[in-house]
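Below, each chain spelled out in residue letters.
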Amino acid sequence: MRKKAILITGAAGEIGQALVRSIKEKSDIPVVAIDLSTLPDEMRMLTVPIQGNILDEALLKRLISEFEFESIFHLAALLSTRSEFTPDEAHRVNVAGTLGLLNLAAEQSQWRGEPVKFIFPSSIAAYGMPDLETKTAYARVREWEWNYPRTMYGCNKLYCEQLGTYYAHYYRQLAAETPVMLDFRCLRFPGLISAFTVPSGGTSDYGPEMLHAAAAGKPYACFVREDVRIPFMAMPDAIKALLLLTEAPRSALKRTVFNVTSFSLSAAEFHQIVLQHFPDAQITYKPDLKRQAIVDSWPADLDDSAARRQWGWSPDYDARRAFDEYLVPNIRERYNHN
Ligand code: AKB
């Protein structure tokens, strides 16, 4: 008899750790937590921890035989900067890895006779603004606009959004009997900021890096110009969005892919807020023109009205509240204790 469970891939990452805690606060259902790295002890206590690679077919078969997944949060991915250095590996992890999990979810949906919910975080990297003029003119992009990513990671995310939509609506469409399709739901996130973890391998990392460096009393050279602007979100809102979308009634959802966002800041505005809290912060600008070009191609803000209308999304944290109530107090505690 297979055990009912929730599956989280990339569980040791920034979103994964916060998501595990949040799910375990609300429910007793076992959470199978997979990551290439060892999970921190606290995560190991809360989950069925599995150290492994999502590309390992034997591991996926083992999961299919041992568990019945109600929902899968497929978070494992190589982020945008890292993917540019190892594009083939990024494609394998981000695309082949997602395909393997979609197949697992499709097979389990069939057996259960009920759709497995497949929750997929996508990103502003799925967009590609051709130049700064266009980025300024089209400040709040909608889901179907400017889908011309210019990174391997962005291409991978956009394609996997399409794959997920295919599996949810057209999978085995020529078979004699229509299969039970999985239930694919996807969020396009802005740059995420956690008080508890420092991101690695992304290109929106200059925001969180600036803040964590200031709190740790270390100098920081920001790798984009002061006027570079993208949207951001504090981690608790990212978790709120994932769980709210998971719980939304299927009939309310008219799309599979939704923008969600909280606040849009230029690097200079981010810097100013950091200085209000850490007046001695030593922040300078040393643009890396290539990484900066990637951030320039991402929209200045997202239009998340579809998410607000269809499943009641709204962020709890605007910029002020994110810094005053979540980021700064928790980050201070983290570095004061180190
Ligand atoms: C990255 O910078 O690659 C990620 C993202 C914006 O998806 N943080």
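Residues numbered from 1 in each chain as written. Predicted model: local features only at pLDDT ≥ 70, side-chain atom pairs only at ≥ 80, totals over all residues. Heavy atoms only, no water.

What follows deals with the overall build of the protein. Each helix and strand counted, the protein has 13 helices and 14 strands in total. In summary, the protein has a C-alpha radius of gyration of 20 Å against a globular reference of 20 Å for 338 residues, a match within 12%. By its C-alpha atoms, the protein is 65 × 45 × 40 Å across when sized along the principal axes. In the protein, the share of contacts with a sequence separation of at least 24, taken over all contacts with a separation of at least 6, comes to 78%. Accessible surface, the protein: about 15,000 Å² in total, of which carbon and sulfur atoms supply 51%. Side chains of the protein carry 37 positive and 41 negative charges; the gap between the two charge centres is 2 Å. (Helix = DSSP H or I, 4+ residues; strand = E, 2+ residues; numbered from the N terminus. Rg over C-alpha atoms; globule rule 2.2 N^0.38 Å. Contact = heavy atoms within 4.5 Å. Areas by Shrake-Rupley, 256 points an atom, 1.4 Å probe, with all protein chains shown as cover. Lys, Arg positive; Asp, Glu negative; His and termini not counted. Charge placed at Lys NZ, Arg CZ, Asp CG, Glu CD.)

Let us now look at the site of the ligand. Taken together, Leu-79, Ser-80, Ser-123, Ile-124, Tyr-153, Gly-202, Thr-203, Ser-204 and Trp-298 make up all the residues around the ligand. Residue Tyr-153 places a side-chain N or O atom 2.8 Å away from an oxygen atom belonging to the ligand. Protein contacts shield 91% of the accessible area of the ligand, which totals 250 Å² for the unbound molecule. Looking at the shell around the ligand residue by residue, the class counts come to four nonpolar, five polar and no charged. (Near = heavy atom within 4 Å. Polar contact = N/O pair within 3.5 Å; in protein donor to acceptor, adjacent residues only side chain to side chain. Nonpolar A, V, L, I, M, F, W, Y, C, P; charged D, E, K, R; others polar.)

Here we take up the side chain of Gln-17. Along the polypeptide, Gln-17 turns up in helix α1 (residues 14–26). With a relative accessible area of 13%, Gln-17 lands in the buried category. Once residues within four sequence positions are removed from consideration, Gln-17 is found in contact with Ala-11, Ala-12, Pro-40, Met-43 and Thr-197. (Buried < 20%, exposed > 50% of the residue type's maximum accessible area, 1.4 Å probe, protein only.)

Here we take up the environment of Arg-92. Here Arg-92 lies in helix α5 (residues 87–112). Between the alpha carbons of Arg-92 and Leu-55 there is a distance of 7.9 Å; along the sequence they are 37 residues apart. Excluding residues that lie within four positions of it along the chain, Arg-92 makes contacts with Leu-55 and Gly-97. Within the local environment of Arg-92, its side chain forms a polar contact with the side chain of Glu-89, the two groups lying 3.0 Å apart.

The topology assignment puts Asp-237 in helix α9 (residues 235–247). Buried and without a salt bridge, Asp-237 has Lys-240 as its closest oppositely charged side chain, separated by 4.9 Å. There is a polar contact of 2.9 Å between the side chain of Asp-237 and the backbone nitrogen of Tyr-317. In this view, Asp-237 contacts Ser-262, Trp-313, Pro-315, Asp-316 and Tyr-317; residues no more than four positions away in its chain are not counted. (Salt bridge = Lys/Arg side-chain N within 4 Å of Asp/Glu carboxyl O.)

The subject of this paragraph is the packing of aromatic side chains. Tallied over the entire structure, the rule returns 16 aromatic pairs. Ring centres of Tyr-206 and Phe-223 lie 5.6 Å apart, and the angle between their planes is 85°; on these two criteria the pair is classed as edge-to-face. Of this pair, Tyr-206 sits in helix α8 (residues 206–216) while Phe-223 sits in the loop between β9 (220–222) and β10 (229–234), placing them 17 residues apart in sequence. Note on Phe-223: relative accessible area 6%, which makes it buried. Between Trp-311 and Trp-313 the ring centres are 6.3 Å apart and the planes differ by 40°, which places this aromatic pair in the tilted class. In this structure an aromatic cluster arises from ring pairing among Tyr-206, Phe-223, Phe-232, Phe-270 and Phe-323. Seen from the ring of Phe-223, Arg-291 lies directly overhead, with NZ or CZ sitting 3.8 Å from the centre. Between the NZ or CZ atom of Arg-321 and the centre of the ring of Tyr-317, over which it lies, the distance is 4.6 Å. (Phe/Tyr/Trp six-rings, centres within 6.5 Å; stacked < 30°, edge-to-face > 60°. Lys NZ or Arg CZ within 6 Å of the ring centre and 35° of its normal.)

Take the packing of helix α3 (residues 57–66) against α5 next. Between α3 and α5, the shortest axis-to-axis distance is 11 Å and the interhelical angle comes to 20°. The angle between α3 and α5 places the two elements in the roughly parallel class. Crossing hand, α3 versus α5: right-handed. Residue-level contacts link Leu-60, Leu-63 and Ile-64 of α3 to Gly-100, Leu-101, Leu-104, Glu-107, Gln-108 and Trp-111 of α5. Per-class residue counts for the contact of α3 with α5 are six nonpolar, two polar and one charged. (Axes fitted to C-alpha atoms, helices over the stretch in contact; angles between N-to-C directions. Parallel < 35°, antiparallel > 145°, perpendicular 65-115°, else oblique. Left-handed = near helix turned anticlockwise from the far one by under 90°.)

Moving on: the pattern of salt bridges. Where charged atoms of side chains with opposite charge meet at close range, the side chains can pair. In the structure shown here, the tally under the stated rule is 16 salt bridges. Counted as one network, the salt bridges with shared partners bring together Lys-4, Glu-68 and Arg-112.

Turning our eyes to something else, we now look at the packing of helix α10 (residues 267–277) against helix α13 (residues 319–336). The geometry of α10 relative to α13 is characterised by a closest axis approach of 11 Å and an angle of 50° between their N-to-C directions. Overall, the two elements α10 and α13 adopt an arrangement that is oblique. In terms of crossing hand, the pair formed by α10 and α13 is right-handed. Residues Phe-270, Ile-273, Val-274, Gln-276 and His-277 of α10 touch α13, and the partners they reach there are Ala-319, Arg-320, Phe-323, Asp-324, Val-328 and Arg-332. The residue inventory of the contact of α10 with α13, partitioned by class, reads six nonpolar, two polar and three charged.

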